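Structural overview
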Amino acid sequence: MTAEFLVEENAVQLGMLLTQAGAAWRRQAEASLQEVGLTHPQFMIMSGLERLTREGQVNQIALARHCMMDVATTSQILCTLERKGLVERRHNSMDHRAKFPCLTEAGRRTVNMATMRVRAAERNFFATLGEQQRLESFAGKLDELLSSSVAA
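Evaluated as defined, the whole model comprises three aromatic pairs. For the ring pair tryptophan 25 and phenylalanine 126, a centre distance of 6.1 Å and an interplane angle of 40° mean the geometry is tilted. Remark: phenylalanine 126 occurs in helix H5 (residues 105-126) and tryptophan 25 occurs in helix H1 (residues 3-34); sequence separation between them is 101 residues. This pair shows no difference in class: tryptophan 25 is buried, exactly as phenylalanine 126 is. Residues phenylalanine 125 and phenylalanine 126 carry aromatic rings whose centres are separated by 5.0 Å and whose planes lie at 90° to one another, so their mutual orientation is edge-to-face. What links up through ring pairs into an aromatic cluster is the set Trp25, Phe125 and Phe126.

Printed below as a string of structure tokens:
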């Protein structure tokens, strides 16, 4: 076997493992979120919104980009969260087409509860990686992969 063949085979295997690990993680996260009545995409939007609005208003396009979702999906999720009373969308006085979502008080409580549950699921899921340094190293490598793929 050539080195090139081994690299190609390992890349395919690694891709499959990343996909399977992501699916397993998402199943655990979804299970923990059921207790607060959220789906994983809803949690991602709410958590992104909570993080981004610490620095001021954020529009739906920036939120979608931050969450790595398309704008139409983000808008649909925001509609659902709005119906649940967890999010409200305000219009810009300068541009009535632009919408600026924000968490309601109920939304803040919900995202805080959801975050605690997801963190517990995360600790359980990643416990097999062992010590904190290994986990941080692993997270750093995943961040590098994402950063390079977004930049490409």
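Continuing now.
Another point: H5. Between its first and last C-alpha, H5 extends 31 Å over 22 residues, near the 32 Å set by a 1.5 Å rise per residue. Those residues of H5 that fall on the buried side of the exposure criterion are Gly107, Thr110, Val111, Ala114, Thr115, Val118, Ala121 and Phe126. Summarising the axial view, the buried residues of H5 lie within an arc of 140°, below the 170-degree limit, and thus occupy one face. Of the residues in H5, the exposed ones pointing more than 90 degrees away from the buried face are Met116, Arg123 and Asn124.

This brings us to the packing of helix H2 (residues 40-52) against helix H4 (residues 71-83). Two numbers describe how H2 lies on H4: the axes approach to 10 Å, and their chain directions differ by 90°. Comparing the axis directions of H2 and H4 gives the class roughly perpendicular. Residues Pro41, Gln42, Ile45 and Met46 of H2 form the contact with H4, whose participating residues are Thr74, Ile77, Leu78, Thr80 and Leu81. Across the contact of H2 with H4, the residue classes break down as six nonpolar, three polar and no charged.

This part takes up H4. For H4, with 13 residues, the first-to-last C-alpha span of 18 Å sits near the 18 Å given by 1.5 Å per residue. Residues Thr74, Ile77, Leu78 and Leu81 constitute the buried set of H4. One side of H4 carries all its buried residues, which in axial view fall inside an arc of 105°. Across from the buried face of H4, at angles greater than 90 degrees, the exposed residues are Gln76 and Arg83. Near the N-terminus of H4, the side chain that reaches the backbone nitrogen of alanine 72, with its oxygen 3.1 Å away, is that of aspartate 70.

With that out of the way, let us pick up the pattern of salt bridges. Summed over all chains, the structure comprises six salt bridges. In this structure, the salt-bridge partner of glutamate 88 is arginine 90, at a minimum N-O distance of 2.6 Å. On the basis of relative accessible area, glutamate 88 is assigned to the partly exposed category, the value being 31%.

Once that is clear, we can look at the packing of H2 against helix H3 (residues 60-67). In contact at an axis separation of 10 Å, H2 and H3 are set at 115° when each is read in the N-to-C sense. For the element pair H2 / H3, the angle class is roughly perpendicular. Crossing of H2 against H3: the hand is right-handed. Judged by residue contacts, Met44, Ile45, Gly48, Leu49, Arg51 and Leu52 of H2 engage Ala62, Leu63, His66 and Cys67 from H3. Split into classes, the residues belonging to the contact of H2 with H3 amount to seven nonpolar, two polar and one charged.

What counts and how
- Residues numbered from 1 in each chain as written.
- Predicted model: local features only at pLDDT ≥ 70, side-chain atom pairs only at ≥ 80, totals over all residues.
- Heavy atoms only, no water.
- Phe/Tyr/Trp six-rings, centres within 6.5 Å; stacked < 30°, edge-to-face > 60°.
- Helix = DSSP H or I, 4+ residues; strand = E, 2+ residues; numbered from the N terminus.
- Buried < 20%, exposed > 50% of the residue type's maximum accessible area, 1.4 Å probe, protein only.
- Expected span 1.5 Å × (residues − 1).
- Arc of directions from axis to C-beta.
- Axes fitted to C-alpha atoms, helices over the stretch in contact; angles between N-to-C directions.
- Parallel < 35°, antiparallel > 145°, perpendicular 65-115°, else oblique.
- Contact = heavy atoms within 4.5 Å.
- Nonpolar A, V, L, I, M, F, W, Y, C, P; charged D, E, K, R; others polar.
- Polar contact = N/O pair within 3.5 Å; in protein donor to acceptor, adjacent residues only side chain to side chain.
- Salt bridge = Lys/Arg side-chain N within 4 Å of Asp/Glu carboxyl O.
- Left-handed = near helix turned anticlockwise from the far one by under 90°.

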